Amino acid sequence: MSEVEGIGPQVEPGLREKVERIIEEARRQGASASEVSVSMEQGLSTAVRQGEVETVEFNRDQGFGITLYVGQRKGSASTTGSGDAAIRETVAAALAIARHASEDEFAGLADAALMARELPDLDLFHPWSVSPEQAIETALRCEEAAFAVDPRIRNADGTSVNTHQGCRAYGNSNGFIGSYCSTRHSLSCVMIAEHAGQMQRDYYYDVSRRADTLADPLNIGRRAAERAVRRLGARPVPTCEVPVLFSADLATGLFGHFLAAISGSNLYRKASYLENALGQTLFPEWLSLDERPHLAQALGSASYDGDGLATYAKPFVENGQLISYVLGTYSGRKLGLPSTANAGGVHNLFVSHGEEDQAALLRRMGRGLLVTELMGQGLNLVTGDYSRGAGGYWVENGEIQFPVQEVTIAGNLRDMFRQIVAVGCDTETRSNIRTGSVLIERMTVAGK
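Residues numbered from 1 in each chain as written. Predicted model: local features only at pLDDT ≥ 70, side-chain atom pairs only at ≥ 80, totals over all residues. Heavy atoms only, no water.

1. A look at the overall build of the protein
Point 1. Secondary structure assignment for the protein yields 9 helices and 18 strands.
Point 2. The C-alpha atoms of the protein give a radius of gyration of 24 Å, which matches the 22 Å a tight globule of 448 residues would have.
Point 3. Considered along the principal axes of its C-alpha atoms, the protein spans approximately 70 × 55 × 35 Å.
Point 4. Out of the 448 residues belonging to the protein, those deemed buried represent 52%.
Point 5. If you take every contact in the protein between residues at least 6 apart in sequence, the share linking residues at least 24 apart comes to 72%.
Point 6. When the accessible area of the protein is evaluated, it comes to approximately 19,500 Å², of which 47% is carbon and sulfur surface.
Point 7. Across the protein, the 42 positively charged side chains and the 55 negatively charged ones have centroids separated by 3 Å. (Helix = DSSP H or I, 4+ residues; strand = E, 2+ residues; numbered from the N terminus. Rg over C-alpha atoms; globule rule 2.2 N^0.38 Å. Buried < 20%, exposed > 50% of the residue type's maximum accessible area, 1.4 Å probe, protein only. Contact = heavy atoms within 4.5 Å. Areas by Shrake-Rupley, 256 points an atom, 1.4 Å probe, with all protein chains shown as cover. Lys, Arg positive; Asp, Glu negative; His and termini not counted. Charge placed at Lys NZ, Arg CZ, Asp CG, Glu CD.)

2. Side note on the nonpolar core
Point 1. Ranked by internal contacts, the top residues of the largest apolar core, which has 51 residues, are Phe246, Phe258, Phe283 and Ile409.
Point 2. A total of 7 residues in this core trace back to one element, the largest contributor, which is helix H5 (residues 248-261).
Point 3. For phenylalanine 258, the contacting residues outside a window of four places in its chain are Leu274, Leu282, Phe283, Leu289, Val317, Leu322 and Phe417.
Point 4. Grouped together as the second largest cluster of nonpolar side chains are 25 residues, Leu15, Ile66, Ile87 and Phe125 included. (Core = buried A, V, L, I, M, F, W, Y, C linked by side-chain atoms within 4.5 Å.)

3. Some details on the side chain of threonine 311
Point 1. If you trace the backbone, threonine 311 turns up in the loop between strand S8 (289-291) and strand S9 (314-318).
Point 2. Classification of threonine 311 as buried rests on a relative accessible area of 5%.
Point 3. Among the polar contacts made by the side chain of threonine 311, one reaches the main-chain carbonyl oxygen of alanine 302 at a distance of 2.6 Å. (Polar contact = N/O pair within 3.5 Å; in protein donor to acceptor, adjacent residues only side chain to side chain.)

4. Remarks on the packing of helix H3 (residues 132-147) against helix H4 (residues 217-230)
Point 1. It is the contact of H3 with H4, at a shortest axis distance of 7 Å, that shows an interaxial angle of 40°. Comparing the axis directions of H3 and H4 gives the class oblique. Here H3 runs over H4; the crossing is right-handed. Note on element contacts: H4 touches H3 through Pro217, Leu218, Ile220, Gly221, Arg222 and Ala225, opposite Thr138, Arg141, Cys142, Ala145 and Ala146.
Point 2. Residue composition of the contact of H3 with H4, by class: 7 nonpolar, 2 polar and 2 charged. (Axes fitted to C-alpha atoms, helices over the stretch in contact; angles between N-to-C directions. Parallel < 35°, antiparallel > 145°, perpendicular 65-115°, else oblique. Left-handed = near helix turned anticlockwise from the far one by under 90°. Nonpolar A, V, L, I, M, F, W, Y, C, P; charged D, E, K, R; others polar.)

5. What to know about the pairing of strand S6 (residues 198-208)
Point 1. Note that strand S5 (residues 177-195) and S6 share 11 bridges and pair antiparallel. Its bridge partner lying in S6, methionine 191 is registered against aspartate 202.
Point 2. Where S5 folds back on S6, the antiparallel hairpin that results is connected by 2 residues, among which alanine 196 adopts a positive phi of roughly 50°. (Pairing = 2+ DSSP bridges.)

6. A few points about the side chain of serine 331
Point 1. One can find serine 331 in helix H7 (residues 329-335).
Point 2. In this structure the side chain of serine 331 is engaged in a polar contact, spanning 3.1 Å, whose partner is the backbone nitrogen of glycine 328.

7. Remarks on the packing of aromatic side chains
Point 1. Considering all chains together, one arrives at 10 aromatic pairs under this definition.
Point 2. Between tyrosine 180 and tyrosine 304, the ring centres sit 6.2 Å apart and the planes meet at 70°, which makes this aromatic pair edge-to-face. Highlighted residues: tyrosine 180 in strand S5 and tyrosine 304 in the loop between S8 and S9, separated in sequence by 124 residues.
Point 3. Of the residues examined, tyrosine 180 reaches a relative accessible area of 34% and is grouped as partly exposed. (Phe/Tyr/Trp six-rings, centres within 6.5 Å; stacked < 30°, edge-to-face > 60°.)

8. Observations concerning the state of the cysteines
Point 1. This model, assessed by the stated rule, comprises 1 disulfide.
Point 2. No disulfide involves cysteine 189; its sulfur sits 4.2 Å from that of cysteine 142, the nearest cysteine. (Disulfide = S-S within 2.5 Å.)

9. Describing the environment of methionine 115
Point 1. Looking at the secondary structure, you find methionine 115 in the loop between helix H2 (84-100) and H3.
Point 2. With a relative accessible area of 3%, methionine 115 lands in the buried category.
Point 3. Distance in space between the C-alpha atoms of methionine 115 and glycine 336 is 19 Å, their sequence separation being 221 residues.
Point 4. What methionine 115 contacts, discounting residues up to four positions off in sequence, is Ala110, Asn172, Asn174, Phe176, Asp307, Gly308 and Leu309.

Rendered as structure tokens:
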């Protein structure tokens, strides 16, 4: 796959022209305002297991979605069609929905004066010209390296290579049209270790805008196998209250829960424990959370949000204090606050951290649980109550003693965030949320 095969910056003018045509058709049919998103995407996915090819899939998709307004009434429709007839029919369907919808005083486009004017190039498009045969060969090498690690690696649960490239354009009847192309490539390996009647499964992966910056396939295979072998002999621990250290890849989920709690949609629905929390100190004073949407090649970067507003760098938490919610135009109107240009979410959240790596945080913890696996969806966002199945490693005297399984960790997010002792410098870069390992002073660990 490559740009010359059809999807790349050369298609952007056509996508933008299509946005204009759809907006004009909506105006012709009687819409008072409209917004349109058009996309073209293609991807290759390959997977192997036990030295055999399991899947080779190539996809190529296109389509558009429109949201239009008749006064304060709103209707939406989408299609995979692209011709004039599909445009007319989809606009008509959205219009029919709008005419039957209830009026909503907060509905409508963002103010024309707030639309993005300058759209920086964020360098998100780096196609990978990999053939299916090359992708399969890469996956097989990765799996072979995993099997070579240890004789206790008895099985594989799938090694996959994926590459995706696509272009999107968004525009609205307030005169905004923006477009961009992006790529995303990944390699993952899942292995199974077996010993003394116990089986353990673990994985490793990497993801990037650029294929040439992905971790070496042999290294990914080896790390997946090493992680699986390390889990052998896992057992529960007695119920206790101890410090808990979340590995960096799991700590991203903790801050994802926080973003959900300060998102406008949950706040105006009164479905968050952080309703009316602006100005409150929610974290230790040394901790800050800020958004950096214009980082070149980053997975979460974007020059405009889902309403066409220019994204910009800003803090949500400063010196432990919540200073901003996450708002799009609609949720901001519902709450009587301006949009923070976050319709569609946050772009590249950074969590402040110290200079200690995970090993140093284990030494600081002394005795407790290092969590490397979470199961279940035990979060009540209304109360902040948190309870998840967990696996990981028991730590004594600052050193890992044995693997742990079949335990539950529980607490309340408000307490957990206030009790963060440290954030490590082992920053997770494979996520839209950049954080290191997070040490929490005390949680309940329920075991045998």
